[in-house]
Amino acid sequence: MSTTNTPLYVAADVHGHRSEFREALRDSGIVDGQGRWSGGNARLWLLGDYVDRSPDGVGVIEDVQRLAGEATAAGGEVGALLGNHEVQLLAAHRFGAAPVAGWDEPGGFRGGWARFGGCEEDLRRLSPEHIAWIADLPAVALVDDYLLIHSDTVRYLEFGSTVADINTAVSTTLNCSDPAVWLEFCGRMSDRGAFRDAESAHADDPVSIMLRTLGGDVLVHGHSTLTKYFGVAPEDVRDVVRYADGRVVGIDGGVYEGGRILLTRLG
């Protein structure tokens, strides 16, 4: 489906598993034995959730930052989307344990972040440079004919009706200081499961609405693990799941649940 002659790879939900991420990159041929970009003009898109669940999320971010520079120098590309865990990490950093009106969560955003797999080491190591990088991430990307998002939800459309509008609205929210706005933001970014009942395509199903509104022929997401949400045993995670009449690709191999990082070539 690629409209160019350059390979397109995707992966999602590394969740601090830095060594597994590096192994997946090496196995794909995108990096060499020293972890340096060797993919030439290939494109690699990462669909969010670099942090939490395992204690080297900041290391994963630093690897992505470095690879992006190396890829650009070689004529390739590394793109990265914002995941819900990056949003939760920033909320924990910004608001700490202060109570949040309308949310009965002990410890506020910091307590909620910890409950959903937040790692203290990520929060401790988070620098202004890391925060700036996260805050600059898009939420949605259209690459060739693939619509790339982190979460399997239609709630991205609550931010806007074009890719550019959504990303602008998300950027604005990331710079907001209102905890009520952040609470709603976290909820939108964490929603899931909108596409799994859309097996027979019709004009008003969630997949059709997303693709018709934002573009693309196939929607690609992470967030919902194959191991928990698609019934794939961890030891059987070998490939992505294609569903909704072939219009959706789920790529979260559930590495933190005993599965693996699925670094997959789409085109």
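First, a word on scope: everything that follows refers to the structure included in this document. (Residues numbered from 1 in each chain as written. Predicted model: local features only at pLDDT ≥ 70, side-chain atom pairs only at ≥ 80, totals over all residues. Heavy atoms only, no water.)

**Some details on the overall build of the protein chain**
Assigned secondary structure in the protein chain consists of 10 helices and nine strands. For 267 residues, the compact-globule estimate of 2.2 N^0.38 gives 18 Å, and the protein chain sits close to it at 18 Å. Out of the 267 residues belonging to the protein chain, those deemed buried represent 55%. Partitioning the intrachain contacts of the protein chain with sequence separation of at least 6 by distance along the chain shows that 75% fall at a separation of at least 24. Taken as a whole, the protein chain presents about 10800 Å² of accessible surface, with 48% of it coming from carbon and sulfur. Mean positive and mean negative side-chain charge positions of the protein chain (23 and 39 charges, respectively) differ by 3 Å. (Helix = DSSP H or I, 4+ residues; strand = E, 2+ residues; numbered from the N terminus. Rg over C-alpha atoms; globule rule 2.2 N^0.38 Å. Buried < 20%, exposed > 50% of the residue type's maximum accessible area, 1.4 Å probe, protein only. Contact = heavy atoms within 4.5 Å. Areas by Shrake-Rupley, 256 points an atom, 1.4 Å probe, with all protein chains shown as cover. Lys, Arg positive; Asp, Glu negative; His and termini not counted. Charge placed at Lys NZ, Arg CZ, Asp CG, Glu CD.)

**Some details on the nonpolar core**
Grouped together as the largest cluster of nonpolar side chains are 83 residues, with contacts concentrated most on Tyr 50, Leu 148 and Val 220. Looking at which element gives the most residues to this core, the answer is helix H3 (residues 84–95), with six residues. Once residues within four sequence positions are removed from consideration, Tyr 50 is found in contact with His 15, Gly 16, Gly 57, Val 60, Ile 61, Val 64, Ala 80, Leu 81, Glu 86, Trp 133 and Leu 137. (Core = buried A, V, L, I, M, F, W, Y, C linked by side-chain atoms within 4.5 Å.)

**Some remarks on the pattern of salt bridges**
Under the definition given, this model contains 18 salt bridges. The partner of Asp 63 in a salt bridge is Arg 22, and the shortest N-O contact between them spans 3.0 Å. Of this pair, Asp 63 sits in helix H2 (residues 57–73) while Arg 22 sits in helix H1 (residues 18–28), placing them 41 residues apart in sequence. Assessed through its relative accessible area of 35%, Arg 22 is described here as partly exposed. As a salt-bridge pair, Arg 188 and Glu 158 come within 2.9 Å of each other at their nearest N and O atoms. Within this pair, whereas Arg 188 is found in helix H8 (residues 179–190), its partner Glu 158 is found in the loop between strand S5 (146–149) and helix H7 (163–174), the two being separated by 30 residues in sequence. Arg 188 gets classed as buried once you look at its relative accessible area, which sits at 19%. Residue classification places Glu 158 among the partly exposed residues on the basis of a relative accessible area of 41%. (Salt bridge = Lys/Arg side-chain N within 4 Å of Asp/Glu carboxyl O.)

**Concerning the pairing of strand S3 (residues 77–80)**
As paired elements, strand S2 (residues 43–46) and S3 share four bridges and run parallel to each other. In the strand pairing of S3, Leu 46 is matched with Ala 80. On the question of chirality, the crossover connecting S2 to the parallel S3 by way of H2 is right-handed. (Pairing = 2+ DSSP bridges. Right-handed = clockwise from strand over helix to strand, strands pointing away.)

**Things to note about the packing of aromatic side chains**
The tally for this structure, following the rule as stated, stands at seven aromatic pairs. Seen from their ring centres, Phe 95 and Trp 182 are 5.9 Å apart, and the 70° between their planes marks the pair as edge-to-face. Of this pair, Phe 95 sits in helix H3 while Trp 182 sits in helix H8, and the two are 87 residues apart along the sequence. Under the relative-accessibility criterion, Trp 182 is labelled buried at 0%. Positioned above the aromatic ring of Phe 159 is the side chain of Arg 188, whose terminal nitrogen or guanidinium carbon lies 4.6 Å from the ring centre. Between Arg 196 and the ring centre of Phe 230, over which it is positioned, the NZ or CZ distance is 5.4 Å. (Phe/Tyr/Trp six-rings, centres within 6.5 Å; stacked < 30°, edge-to-face > 60°. Lys NZ or Arg CZ within 6 Å of the ring centre and 35° of its normal.)

**What to know about the packing of H3 against H8**
It is at 9 Å that the axes of H3 and H8 come closest, and there the two elements cross at 160°. In terms of axis orientation, H3 runs roughly antiparallel to H8. In this structure, H3 crosses over H8, and the sense of that crossing is left-handed. Between H3, through Asn 84, Val 87, Gln 88, Leu 90, Ala 91, Arg 94 and Phe 95, and H8, the contact on the second element is made entirely by Pro 179, Trp 182, Phe 185, Cys 186, Met 189 and Ser 190. (Axes fitted to C-alpha atoms, helices over the stretch in contact; angles between N-to-C directions. Parallel < 35°, antiparallel > 145°, perpendicular 65-115°, else oblique. Left-handed = near helix turned anticlockwise from the far one by under 90°.)

**Re the environment of Asp 217**
Checked against the element boundaries, Asp 217 lands in the loop between helix H9 (206–214) and strand S6 (218–221). By relative accessible area, which is 43% here, Asp 217 ends up partly exposed.

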